[in-house]
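Results of the structural survey
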Amino acid sequence: MEHVIADSVGTRHVVVTGAGGQLGAALLEAFPGARGLTRAEWDVSLPPPADLGEVDLVLHAAAWTNVDGAEADPQSAAAVNVGGTQNVADLGVPLVYFSTDYVFDGTKRTPYVESDAPAPQSAYGRTKLHGEAAAGDGAWIVRSSWLFGWTGANFVRTMLRLGEERDEVAVVDDQRGCPTYVGDLAGAVHELVGLPSGVWHLAADGDCTWAEFAEAIFDEAGVDCRVRKISTAELGRPAARPAYSVLRSERLGAPVLPHWRDGLRACLARI
Ligand SMILES: NC(=O)c1ccc[n+]([C@@H]2O[C@H](COP(=O)([O-])OP(=O)(O)OC[C@H]3O[C@@H](n4cnc5c(N)ncnc54)[C@H](OP(=O)(O)O)[C@@H]3O)[C@@H](O)[C@H]2O)c1
């Protein structure tokens with residue numbers, strides 16, 4: 001079944017899970033009047049709080065997002081990303097679930113579209129893909145990538161901190177994707193809930209490697225720090241990441257997000 005919510009979402013009872021996260025913060029701005037629930041207010045691995053009240057739409061931004069940590073403890077990651085999504089879906093109301101480019105294996109060299117077959121290479125990616133199924137056929141499944149915002153732990157904030165402390169940072173240059181500003185994604189989600197449900201790829205325009213992104217961050221922020229380009233193998237993180245995970249939509253009327261560099265400028269203006 002496909003849900004179409006008209007342009008009246010502002011007057012409906014919208015709930016944002018994971019409201020303490022970087023995307024949750026942006027969704028609360030894009031959906032004025034929405035009720036944000038932090039992990040303390042609803043640990044989604046448990047049934048909803050008794051005082052949840054009327055809900056017309058859930059923007060489900062709560063997730064286990066520690067990609068490397070999921071390799072060591074996949075069951076805990078699944079309890080949140082799969083079990084938690086099931087608990088949200090059990091409310092039986094329209095739902096936006098946030099998924100990831102890490103559901104793909106990264107072997108393509110042209111952008112991944114909605115009809116491409118997922119093949120996650122990490123425990124995190126597997127839990128997010130199973131979470132897509134738990135969200136159900138009637139949900140909007142929003143696959144996005146490399147999120148950054150003005151709060152929380154993200155690559156932009158980490159680079160700004162390291163750039164102040166060091167003359168040089170080592171950053172991987174063999175993973176290519178679309179760094180997406182949470183403010184732009186939240187705006188696109190507002191547009192999306194007026195469109196049919198199903199899987200949608202919503203990521204920033206343009207693409208780059210993490211090292212190119214780091215150079216742009218230092219450039220835009222006026223930070224004097226060199227970027228030493230290294231390989232994924234040199235970094236040696238526990239979880240495998242796709243070498244290429246540029247996301248584009250093949251669906252009619254898909255919201256188009258600004259270029260990642262514009263998103264970066266908008267984000268830096270708030271940090
Ligand atoms: N970050 C990315 O690059 C990226 C890329 C693609 C897709 N996504 C997806 O986008 C969504 C939002 O990610 P984000 O970047 O905003 O992550 P985030 O900043 O880590 O926010 C996730 C939020 O979920 C909360 N949370 C964790 N476990 C929970 C639980 N059991 N019950 C309720 N809340 C819980 C976290 O709380 P604590 O802080 O207390 O743990 C945090 O506030 C996620 O679905 C993520 O998988 C992220």
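These remarks concern the structure in this document. (Residues numbered from 1 in each chain as written. Predicted model: local features only at pLDDT ≥ 70, side-chain atom pairs only at ≥ 80, totals over all residues. Heavy atoms only, no water.)

1. Let's talk about the sheet that holds strand β1 (residues 14-17)
Strand order in this open sheet of 6 strands is β2-β1-β3-β4-β5-β10, and the pairing throughout is parallel. Across the chains shown, the open sheet's two edge strands, defined by having one partner strand only, are β2 (35-37) and β10 (198-201). The average angle at which neighbouring strand axes cross in this sheet is 20°, direction not considered. Here 3 bridges tie β1 to β2, and the two strands are oriented parallel to one another. What sits directly across from V16, in β2, is G36. Here helix α6 (residues 182-192) sits on the sheet and contacts β3 (57-60), β4 (95-100), β5 (140-144) and β10; the angle it forms with β5, its principal contact strand, is near 155°. (Pairing = 2+ DSSP bridges. Helix = DSSP H or I, 4+ residues; strand = E, 2+ residues; numbered from the N terminus. Axes fitted to C-alpha atoms, helices over the stretch in contact; angles between N-to-C directions. Contact = heavy atoms within 4.5 Å.)

2. What about the side chain of D68?
Structurally, D68 can be placed in helix α2 (residues 67-72). At 2.8 Å, the side chain of D68 and the side chain of R241 are in polar contact. Residues in contact with D68, not counting those within four places in the same chain, are R237, P238, A239 and R241. (Polar contact = N/O pair within 3.5 Å; in protein donor to acceptor, adjacent residues only side chain to side chain.)

3. Description of the packing of aromatic side chains
Going through the model one piece at a time under the given rule, you end up with 11 aromatic pairs. For the ring pair F104 and Y112, a centre distance of 4.3 Å and an interplane angle of 20° mean the geometry is stacked. Of the two residues, F104 and Y112, both sit in the buried class. The interplanar angle of 10° and the centroid separation of 3.7 Å between the aromatic rings of W146 and W210 together place this pair among those described as stacked. You can see W146 sitting in the loop between β5 and β6 (147-148) and its partner W210 sitting in helix α7 (residues 210-221), a full 64 residues away along the chain. As far as the burial class goes, W146 and W210 line up, both buried. Across the ring face of Y112, the terminal group of K108 is positioned such that the distance to the ring centre comes to 5.2 Å. (Phe/Tyr/Trp six-rings, centres within 6.5 Å; stacked < 30°, edge-to-face > 60°. Buried < 20%, exposed > 50% of the residue type's maximum accessible area, 1.4 Å probe, protein only. Lys NZ or Arg CZ within 6 Å of the ring centre and 35° of its normal.)

4. What to know about the site of the ligand
Among the 23 residues in the neighbourhood of the ligand, the closest are listed as Q22, R39, T65, Y124 and K128. L147 has a polar backbone atom sitting 2.9 Å from an oxygen atom of the ligand. Going through the elements one at a time, α1 (22-30), β4 and α4 (123-135) are the ones with two or more residues in the shell around the ligand. With 3 residues, β4 is the largest single contributor of residues to the shell around the ligand. (Near = heavy atom within 4 Å.)

5. A short note on the environment of Q86
If you trace the backbone, Q86 turns up in helix α3 (residues 74-89). Between the C-alpha atoms of Q86 and A135, which are 49 residues apart in sequence, the distance is 6.3 Å.

6. A closer look at α1
Listed as buried for α1 are Q22, L23, G24, A26 and L27. Contacts made by the buried residues of α1 are with β1, β3, β4, β6 and α6.

7. A short note on the environment of G138
Along the chain, G138 turns up in the loop between α4 and β5. For G138, a relative accessible area of 18% puts it in the buried group. Taking the C-alpha atoms as reference, G138 lies 9.5 Å from A89; in sequence the two are 49 residues apart.

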